[in-house]
Amino acid sequence: MEVGEVVEKNFLRPIDNTSIVQQVIDRLTYAMIYKELRPGDKLPTEMELAASFGVGRNSIREAIKILVSFGVLDIRRPEGTFVASGFSDKMINPLLYGIILDQSDSLDNLKELREWIDFGILELAMEKAEPEDLFQLEEHLNNLLKEIDRGNAEKVFIADDNFHEGISTAAHNSLLGQIAKLVRTLTSEIRMNTIRNMINTGKSDELKRAHEDLFKVVKNKNDDAARKMLVEGYFYRYNTLRK
């Protein structure tokens, strides 16, 4: 379907009056899941959606506003409202808040989540890393090693984040990279405390060695060492995390 073309779709059938805004959101979401609406498609106008759904324009407007805030829809004035094309950082926000507000044992959950995400990215990086990726990753590593020697925990934290972002880049999977970025955001306090504790307790060489080994795993495609290194690495040692 050409951009700007509007056709009659199944999702335009009327809806009932319970949780109207959420139902509009759900209807548009399912339309995208089932390809009735595709990236770049233009939505009917607010008036047309209100008439098709049998609801007020205010409900349509509020639902669209929420989906725009999630990065799902784009408003292009004066053309209209379109389904977004491509991934947006805004799309990760609902998941971020959902995890933040989770009342379960978040430390254990985050530990397990990061382990699985890191291992998945590491496997892809070993498989897909190109020479330029390895060059950039080694640059990040060298900068990290220098910052560890200088002993400023805040700068080490930034360099560490850049190094792990480099591994995500080498994995060549933008969606997984966004999830990894989310996990790093959620674990930022833990990682900062871990780095600070390791520097303050004389474990700087261990911190350097862990990242050097991680680089070698990616460069040499050493799959056998990857899982063991992640599970036993400095991040997952509770004595360090909880000091």
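This text follows the structure it describes.
Residues numbered from 1 in each chain as written. Predicted model: local features only at pLDDT ≥ 70, side-chain atom pairs only at ≥ 80, totals over all residues. Heavy atoms only, no water.

Draft legend 1. Just the overall build of the protein, in detail. Scanning the protein for helices and strands turns up 12 helices and 2 strands. Split into buried and exposed, the 243 residues of the protein put 41% on the buried side. A separation threshold of at least 6 residues defines the contact pool for the protein, and within that pool the share at least 24 residues apart is 69%. Surface exposure of the protein reaches about 13700 Å², of which carbon and sulfur atoms provide 51%. (Helix = DSSP H or I, 4+ residues; strand = E, 2+ residues; numbered from the N terminus. Buried < 20%, exposed > 50% of the residue type's maximum accessible area, 1.4 Å probe, protein only. Contact = heavy atoms within 4.5 Å. Areas by Shrake-Rupley, 256 points an atom, 1.4 Å probe, with all protein chains shown as cover.)

Draft legend 2. Spatial organisation of the environment of Asn-222. Turning to its location among the elements, Asn-222 is positioned in the loop between α10 (204–220) and α11 (223–232). Separated by 96 residues in the primary sequence, Asn-222 and Met-126 have C-alpha atoms spaced 7.7 Å apart. Non-local contacts of Asn-222, meaning those with residues more than four positions away in its chain, are made with Met-126 and Val-217.

Draft legend 3. Structural view of the pairing of strand β2 (residues 80–83). Sheet topology note: the strand β1 (residues 73–76)/β2 ladder contains 4 bridges and is antiparallel. Within β2, the residue paired with Asp-74 across the bridge is Phe-82. Here β1 folds back onto β2, and the loop between the two strands holds 3 residues. (Pairing = 2+ DSSP bridges.)

Draft legend 4. Spatial organisation of the packing of aromatic side chains. Applying the stated rule across the entire model yields 1 aromatic pair. Here Tyr-30 and Tyr-34 contribute two aromatic rings whose centre-to-centre distance is 6.4 Å and whose plane-to-plane angle is 25°, an arrangement assigned as stacked. Against the face of Phe-53 rests Arg-27, its NZ or CZ located 5.4 Å from the ring centre. (Phe/Tyr/Trp six-rings, centres within 6.5 Å; stacked < 30°, edge-to-face > 60°. Lys NZ or Arg CZ within 6 Å of the ring centre and 35° of its normal.)

Shape is all these values report; function is a separate question.
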